[in-house]
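Analysis of the macromolecular model
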Amino acid sequence: MRVETIEPDLAANPGVCVIGAGPVGIALALRLGRLRRRVLLIDAGPMSPVTDISGAFKLDLADALTHASSEEATRQGLGGTSSAWGARCSPYEAIDFRMRSYVPHSGAPVGAEELAPYVTPTARFFGVEDHFADDEGEGGKASVRIGRYMRVSPCADMGRRHGAELEASAQVALLLETRVLKLDFDPLAGTVTRIVALRRGERYTLTPRAIVLCCGGIQNARMLLDMQRAFPRFLGGEAGPVGRYYMGHLSGSVARIAFRPPAAARPFQFSANPDGSFVRRIFTFTPAALDREKLLNIYFAPVSYPLGDPDYRSSTLSALHLALSLRFLTTDYMGKFRPGHKTTPFDFRLGMRAHAGNILRQPVGAVTGLYRITRERLGYTQRLPLFQYENPAGIYALRYHAEHAPTPASRVTLSGRSDSEGVPIPRVDFRYSSMDMESVERAHEVFERWLAQHGYGQMHWLQPAERRQEHIRVQASDGFHQIGLTRMSASPETGVVDGDLKVHGTTNLFVSGASVLPTSSYAHPTFTAVSLALRLADFLAAGFV
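Summary of the structure given here. (Residues numbered from 1 in each chain as written. Predicted model: local features only at pLDDT ≥ 70, side-chain atom pairs only at ≥ 80, totals over all residues. Heavy atoms only, no water.)

Take the overall build of the protein chain next. Counting its secondary structure elements, the protein chain contains 14 helices and 19 strands. The C-alpha radius of gyration computed for the protein chain amounts to 24 Å, which stays within 12% of the reference 24 Å derived for 545 residues, consistent with globular compactness. Seen along its three principal axes, the alpha-carbon backbone of the protein chain occupies a region of about 75 × 50 × 45 Å. Looking at the protein chain as a whole, 58% of its 545 residues are labelled buried. Taking contacts inside the protein chain between residues at least 6 apart in sequence as the whole, the part at least 24 apart equals 73%. For the protein chain, the computed accessible surface area is about 21400 Å², with 52% contributed by carbon and sulfur atoms. Between the averaged position of the 61 positive side-chain charges in the protein chain and that of its 53 negative side-chain charges there is a distance of 3 Å. (Helix = DSSP H or I, 4+ residues; strand = E, 2+ residues; numbered from the N terminus. Rg over C-alpha atoms; globule rule 2.2 N^0.38 Å. Buried < 20%, exposed > 50% of the residue type's maximum accessible area, 1.4 Å probe, protein only. Contact = heavy atoms within 4.5 Å. Areas by Shrake-Rupley, 256 points an atom, 1.4 Å probe, with all protein chains shown as cover. Lys, Arg positive; Asp, Glu negative; His and termini not counted. Charge placed at Lys NZ, Arg CZ, Asp CG, Glu CD.)

Following this line, the structure appears as structure tokens:
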């Protein structure tokens, strides 16, 4: 149920206090409520998430080229950043949890087998099917799999999807427009004794039995760092793991793929299901190949952008590129459609002659193709989760989404600035390494060989060998997937939370979200983060609360 005031009984006995009403917080609160446990779900924003970022939700960025701004990456309110995400769902695999000798700081105290019972309820939470892989042989000399699926939720905004159940729940109290300012901590007992919250200009004190931080990676780390500022030995002090190992992903396109025959591309494009969800296959490597080649995890998929490549040999895409260039009076129009898109020196320019040649060779195809795209964009047909166009020539950009290796130098600290309530603003020093670039390049080389050997088609690099890693580097940017900042570990020397997501050295403080994941996988992290939240709810209900 939604509450508008903090009554004395609620303040004194809120049960489990879940701070942050994004997908992870909502999933955790709902499962605890179904298990008949009392929950207070708090968020700083209103019922409809907003981008009006203020105070400690702002970010002090060391490099704005590699990390999204707070306005791009953060939402406050019910549903959180799910109101703006791509709703892509795929679980982490076993290799993402195990220690890999070639990936420093890899390994987790929880494995895929512990999360397997939560895949189906997580899929149900997002409204997608729970089938993510066909049975395939993964050992021996196999390199690439074509039987992994990416699914997309029919409703990306988890606040809208689950809002009615939250409001109807007798166990879950939903308190919006309430900001947590401080966690009071007793270091001798290892207990968070109270929460100081601000609501509409008035301060309140809450005394929950357990607190779960579900504020997003950077804000989870900021709250723990603020506790560390008051208690310098907390979590190993300044040299400890909290706020370190900040990861996202590397994504972009440095090659194109030509399918043979062209229809072979269809399974790797999004198709709509009757329930409104979407699915496509992705190219992934077998665990044996990753180990053999010492590669970070990665997936590949064909896409129809950037539009400026005339070598798609598509009259439709060429016509669309020229039309958008004219509409916006620039070829740097992708930022209008893709949040966080970065312009690079390698971007395609106007290319008038080459694109006009494509159009003149297939003028009827250009008209019919643009008609189909317009109908889909205007909603006359089911709108796809991203722009795609089935190219009769079978040529596409080869999009990659790659694991970002954990390193302690990539981190969040507290800046020297504070907001009007005295809460410090996070300082973000987000870093990629040469290992990341080299792995993406070598993964393309392995994939190129596999394509040729199995007759799927050909891969063509967009740049000569000496410029490929630079092409990868200038596209490397994230800040949306805030992974690793409160990583799980068996030891307090190497991580922030244990396998049950309890903060090391505390008795009643937990963290849930992508920030507890010790590696970033190829998968978008929210699905696995929700699985971990459901597992945490069961742990809390089994005897903690």
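Next comes the rest of the account.
With that out of the way, let us pick up the pattern of salt bridges. Using the criterion set out here, one finds 26 salt bridges in the structure. The partner of Glu4 in a salt bridge is Arg2, with the nearest N and O atoms 3.4 Å apart. Taking the relative accessible area as the measure of exposure, Glu4 reaches 38% and is therefore partly exposed. A salt bridge links Arg200 to Glu4, with the shortest nitrogen-to-oxygen separation between them at 3.5 Å. Linking Arg200 in the loop between strand 8 (191–199) and strand 9 (202–206) with Glu4 in the segment before helix 1 (8–12), this pair joins segments that are 196 residues apart in sequence. Exposure remark for Arg200: the relative accessible area of 57% places this residue in the exposed category. (Salt bridge = Lys/Arg side-chain N within 4 Å of Asp/Glu carboxyl O.)

This paragraph deals with empty space enclosed by the protein. Applying the stated criterion across every chain, the model contains one cavity of 30 Å³ or more. Looking at the largest cavity, the residues that line it are Ser253, Ala255, Arg256, Pro306, Asp309, Tyr312, Phe348, Ala397 and Leu462. Looking at the lining of the largest cavity, the element that brings in the most residues is strand 11 (residues 249–259), giving three residues. (1 Å grid on protein atoms, 1.4 Å probe; cavity = no way out; pocket = protein on both sides within 12 Å on 5 of 7 lines; lining within 4 Å. Points joined across faces, edges and corners; volume = space filled by probe spheres on them.)

With mixed pairing, three strands are arranged side by side in an open sheet as 3-17-16. Each end of this open sheet is capped by a strand with a single partner; those strands are strand 3 (60–61) and strand 16 (411–418). (Pairing = 2+ DSSP bridges.)

Compared with an ideal rise of 1.5 Å per residue, which puts 14 residues at 20 Å, helix 9 (residues 315–328) spans 20 Å between its outermost C-alpha atoms and is within 8% of the ideal. Burial runs high along helix 9: 10 of the 14 residues are buried. For helix 9, the full list of buried residues reads Ser315, Thr316, Leu317, Ser318, Ala319, Leu320, His321, Leu322, Leu324 and Ser325. Residues of helix 9 that are buried make contact with helix 10 (352–361) and helix 11 (363–377). Looking one or two residues past helix 9, Leu329 carries a phi angle of roughly 55°, positive in sign. (Expected span 1.5 Å × (residues − 1).)

Let us now look at the packing of aromatic side chains. Within a pair of aromatic rings, the relevant descriptors are the distance that separates the centres and the angle that separates the planes. Counting across every chain of the model gives 23 aromatic pairs. Considering the side-chain rings of Phe259 and Phe268, the 6.2 Å spacing of their centres and the 25° angle between planes classify their relative orientation as stacked. Each ring, one from Trp450 and one from Tyr456, has its centre 5.3 Å from the other, and the planes form 25°; the classification is stacked. Assessed through its relative accessible area of 7%, Trp450 is described here as buried. (Phe/Tyr/Trp six-rings, centres within 6.5 Å; stacked < 30°, edge-to-face > 60°.)

Spatial strand order, 7-8-9: three strands in an open sheet with antiparallel pairing. In the strand order of this sheet, the two ends are held by strand 7 (178–186) and strand 9, each with one partner. Going from strand to strand, the sheet's axes swing by 25° on average, the running direction of each strand aside. Relative to strand 9, strand 8 runs antiparallel, the two sharing five bridges. Bridge assignment links Ala197 to a residue of strand 9, and that residue is Tyr204. The sheet contacts of helix 7 (residues 217–230) involve strand 7 and strand 8, and relative to strand 7 the element is tilted by about 40°. (Axes fitted to C-alpha atoms, helices over the stretch in contact; angles between N-to-C directions.)

What follows is about the nonpolar core. Core analysis: the largest hydrophobic core is formed by 155 residues, its most contacted members being Leu183, Leu224, Phe285 and Phe447. Apart from the residues lying within four places of it in its own chain, the contact partners of Leu224 are Leu213, Phe234, Leu235, Val242, Thr486, Val496, Val503, Leu509 and Val511. (Core = buried A, V, L, I, M, F, W, Y, C linked by side-chain atoms within 4.5 Å.)

Two quantities define a packed helix pair, namely the angle between the helix axes and the distance between the axes. Closest axis-to-axis distance for the helix 2 (residues 23–34)/helix 14 (residues 526–544) pair is 8 Å, and the angle between their directions is 30°. One finds that helix 2 runs roughly parallel with respect to helix 14. Note that helix 2 runs across helix 14; the crossing there is right-handed. Contacts between helix 2 and helix 14 involve Pro23, Val24, Ala27, Leu28, Arg31 and Leu32 from the first element and Thr526, Ala529, Val530, Ala533, Leu534, Leu536, Ala537, Asp538, Leu540 and Ala541 from the second. For the contact of helix 2 with helix 14, the class distribution of residues is 13 nonpolar, one polar and two charged. (Parallel < 35°, antiparallel > 145°, perpendicular 65-115°, else oblique. Left-handed = near helix turned anticlockwise from the far one by under 90°. Nonpolar A, V, L, I, M, F, W, Y, C, P; charged D, E, K, R; others polar.)

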